[in-house]
Every structure is written in structure tokens, then in C-alpha cells.
Amino acid sequence: MNAVLIKQFQDAKRKQKKSYHWGEIGWQVENAAAECEIILRSSDSEDVAHYFARVLPAISALANHYRLSQLDESGYALATVREIERALLQNSDKIQN
């Protein structure tokens, strides 16, 4: 999951550097990735099943928040969360099967 988050933060920085083209989108992507990062944090004592049971609904709720948000008119924040969610689901399937 770290690689997926790093990719999103790098994408955000690229967009921020070209804000003359992207406007506020780089900051929106960065904020969405940061919110995902907080959700994805785990403690050493958290087992895998509990981790996925906790983070999957939280990431889904965050995606729904962005889907309904008028502040994410471009949809880039939602796309950021959905990409992280897809990677999380893939990892969940691999680990739990």
C-alpha cells in the first residue's frame, strides 16, 4: 500500500508544480491521499482480518464523501481514493484467499 500512496503523493506534487495547468487539483489529490494514509495506518497488534474489516469500509466512506462533494468537481480526489481502494481490495483478496 505504501507504493500506491507514494505514487499518489508524487502525482499530487507534479500537479502542484504545474498549477498553472492543473489549478487546485494537486492539492486535492494530496489531501485525498493524506486522508487515505491516515485510514491505512495500523498498529503492530492489529491482525490482518481486523485491519481489512476496519479500513475497507472507511475508504469506501471516504470515496462516497468525495463523490458527493462539490469541492471535488474535477473528480481527481475521488479517483485518488478509488485507486487506493482498488489496491487495497486486491491486497485483501490475495491475503485472505
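Here's a quick rundown of the structure. Residue numbers restart at each chain and count upward from 1, following the sequence in its written direction. Local features in this predicted model are restricted to residues whose pLDDT is 70 or higher, and side-chain atom pairs enter the listing and the counts only when it is 80 or higher, whereas totals over whole chains, interfaces and linings include all residues. For the side-chain quantities, the full set of heavy atoms in the structure was used; hydrogens and water were omitted.

## With respect to the overall build of the protein
Scanning the protein from N- to C-terminus turns up 5 helices and 0 strands. Listing every helix and strand of the protein by position from the N terminus yields α-α-α-α-α. Computed over C-alpha atoms, the radius of gyration of the protein comes to 14 Å, within 12% of the 13 Å expected from 2.2 N^0.38 for 97 residues, which places it in the range of a compact globule. Dimensions of the protein, computed from the C-alpha atoms along their principal axes, are close to 45 × 25 × 20 Å. For the protein, the residues scored as buried account for 37% of the 97 residues in total. Residues scored as positive are Lys and Arg, those scored as negative are Asp and Glu, and His as well as the terminal groups of each chain are ignored. To locate a charge, take atom NZ for lysine, CZ for arginine, CG for aspartate or CD for glutamate. If the 12 positive side-chain charges of the protein are averaged to one point and the 13 negative ones to another, these points end up 7 Å apart. Where helices and strands are cited, they refer to DSSP runs of H or I of at least four residues and of E of at least two residues respectively, numbered from the N terminus. Radius of gyration means the value over C-alpha atoms here, while the globule rule gives 2.2 Å times the residue count to the 0.38 power. Under the scheme applied here, a residue whose accessible area is under 20% of the maximum for its type counts as buried, over 50% as exposed, and between as partly exposed, the area being computed with a 1.4 Å probe on protein chains only.

## Regarding the nonpolar core
The biggest cluster of nonpolar side chains holds 20 residues, and the ones touching the most others in it are Cys 36, Leu 40, Val 55, Ile 59, Tyr 66, Val 81 and Leu 88. Sorting the residues of this core by element identifies helix 1 (2-17), helix 3 (25-40), helix 4 (48-68) and helix 5 (76-96) as the ones contributing at least two each. When residues in this core are grouped by element, the largest group, 8 residues, is from helix 4. The contact rule is simple, with two residues in contact once any of their heavy atoms fall within 4.5 Å. Those residues in contact with Leu 40, other than ones at most four positions away along the chain, are Met 1, Leu 5, Tyr 51, Val 55, Ile 59, Ile 84 and Leu 88. In these notes, a set of buried Ala, Val, Leu, Ile, Met, Phe, Trp, Tyr and Cys residues joined through side-chain atoms within 4.5 Å is what counts as a nonpolar core.

## A look at the packing of helix 1 against helix 3
Under this scheme, a helix contributes an axis fitted over its contacting stretch, all axes are lines through C-alpha atoms, and angles between N-to-C directions fall in the 0 to 180 degree range. Contact geometry of helix 1 with helix 3 gives a least axis separation of 7 Å together with a crossing angle of 160 degrees. Taken together, the axes of helix 1 and helix 3 are roughly antiparallel relative to one another. The way helix 1 lies across helix 3 gives a crossing that is left-handed. Together, Leu 5, Gln 8, Phe 9, Asp 11, Ala 12, Lys 13, Lys 15 and Gln 16 of helix 1 and Ile 25, Gly 26, Trp 27, Val 29, Glu 30, Ala 33, Ala 34, Cys 36, Glu 37 and Leu 40 of helix 3 make up the contact between the two elements. In this classification, the charged set is Asp, Glu, Lys and Arg, the nonpolar set is Ala, Val, Leu, Ile, Met, Phe, Trp, Tyr, Cys and Pro, and all remaining amino acids, among them Gly, are polar. Of the residues in the contact of helix 1 with helix 3, the class split is 10 nonpolar, 3 polar and 5 charged. Angle categories are assigned with fixed cut-offs, so that under 35 degrees is roughly parallel, over 145 is roughly antiparallel, 65 to 115 is roughly perpendicular, and the rest are oblique. What makes a crossing left-handed is the near helix being turned counterclockwise from the far one by less than a right angle; a clockwise turn instead makes it right-handed.

## Examining helix 4
Over its 21 residues, helix 4 runs 30 Å from end to end, which matches the ideal 30 Å to within 8%, given 1.5 Å per residue. Taken as a whole, helix 4 has its buried residues at Tyr 51, Phe 52, Val 55, Leu 56, Ile 59, Leu 62, Ala 63 and Tyr 66. Here the buried residues of helix 4 occupy an arc of 135 degrees about the axis, which is enough to place them on one side. Among the exposed residues of helix 4, those pointing more than 90 degrees away from its buried face are Ala 49, Ala 53 and Leu 68. In this scheme, a helix's expected span is set at 1.5 Å multiplied by one less than its residue total. What the arc describes is the spread of directions from the helix axis to the C-beta atoms.

## Some thoughts on the side chain of Glu 85
Here Glu 85 is to be found in helix 5. Glu 85 gets classed as buried once you look at its relative accessible area, which sits at 11%. In the analysis that follows, any N or O atom pair within 3.5 Å is treated as a polar contact, provided that within protein one partner can donate a hydrogen and the other can accept it, and provided that, for residues neighboring in sequence, both atoms belong to side chains. There is a polar contact of 2.6 Å between the side chain of Glu 85 and the side chain of Arg 82.

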